[in-house]
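Chain by chain, the residues:
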Amino acid sequence: MSANTIRKAKKLVESGGVVKIEEDLFQIKSSSDPEKSYFVTSDTCECPGFKNFYKFHHGKGLKANCSHLEAIRIFKEKSD
Ligand SMILES: [Zn+2]
């Protein structure tokens, strides 16, 4: 994962852009469009980056990642 993704994820957490809805469901603000937000679980995300990953890398056994999934990881670490 790129350093840029991690930096974006940290910013989302620090700015309060991550809201826990249920045990494994979070609402995360889009970093490019503040009007937009995505519903994210610990391994899926609604954002275009996540969806495109599977479109382009389908069947290669890779796990998609995006700044939102990373933000949840950081969020969980902090709240432990
Ligand atoms: Zn995402």
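Provided above is the structure to which this section pertains.
The sections below set out a description of the structure shown in this document. (Residues numbered from 1 in each chain as written. Predicted model: local features only at pLDDT ≥ 70, side-chain atom pairs only at ≥ 80, totals over all residues. Heavy atoms only, no water.)

**Details of the side chain of Thr5**
No. 1: Residue position: Thr5 is located in helix 1 (residues 3-14).
No. 2: Residue Thr5 is classed as buried on the basis of its relative accessible area, which comes to 18%. (Helix = DSSP H or I, 4+ residues; strand = E, 2+ residues; numbered from the N terminus. Buried < 20%, exposed > 50% of the residue type's maximum accessible area, 1.4 Å probe, protein only.)

**Here we look at the coordination of the zinc ion**
No. 1: Looking at the metal site, the zinc ion is ligated by Cys45 (SG), Cys47 (SG), Cys66 (SG) and His68 (ND1), spaced 2.0 to 2.4 Å from it.
No. 2: Taken together, the four donor atoms coordinating the zinc ion span angles of 105 to 114° at the metal, a pattern that classifies the geometry as tetrahedral.
No. 3: Here the donor residues for the zinc ion map to a single chain with the spacing C-x1-C-x18-C-x1-H. Separated by 21 residues along the polypeptide, Cys45 in the loop between strand 3 (37-40) and helix 2 (48-57) and Cys66 in the loop between helix 2 and helix 3 (67-79) bring together distant segments of the chain. (Donors = N, O, S within 2.8 Å, 3.2 Å for Na, K, Ca; no water. Tetrahedral: all angles 85-135°; square planar, octahedral: opposite > 155°, others 65-115°.)

**Focus on helix 1**
No. 1: In a regular helix each residue adds 1.5 Å, so 12 residues correspond to 16 Å; helix 1 covers 16 Å between its end C-alpha atoms and thus fits that length.
No. 2: Thr5, Ala9, Leu12 and Val13 are the residues of helix 1 that are buried. Looking straight down helix 1, one finds its buried side chains confined to an arc of 95°; they lie on one side. Residues of helix 1 that are exposed and point more than 90 degrees away from the buried face comprise Ala3, Arg7, Lys11 and Glu14.
No. 3: Next to the buried residues of helix 1 lie strand 1 (18-22), strand 2 (25-29) and helix 3. (Expected span 1.5 Å × (residues − 1). Arc of directions from axis to C-beta. Contact = heavy atoms within 4.5 Å.)

**Focus: the pairing of strand 1**
Looking along a regular strand, one sees side chains alternate from face to face of the sheet.
No. 1: With four bridges connecting them, strand 1 and strand 2 associate as antiparallel partners. By the bridge assignment, Val18 is partnered in strand 2 with Ile28.
No. 2: Hairpin geometry of strand 1 and strand 2 is characterised by an intervening segment of two residues between the two adjacent antiparallel strands. (Pairing = 2+ DSSP bridges.)

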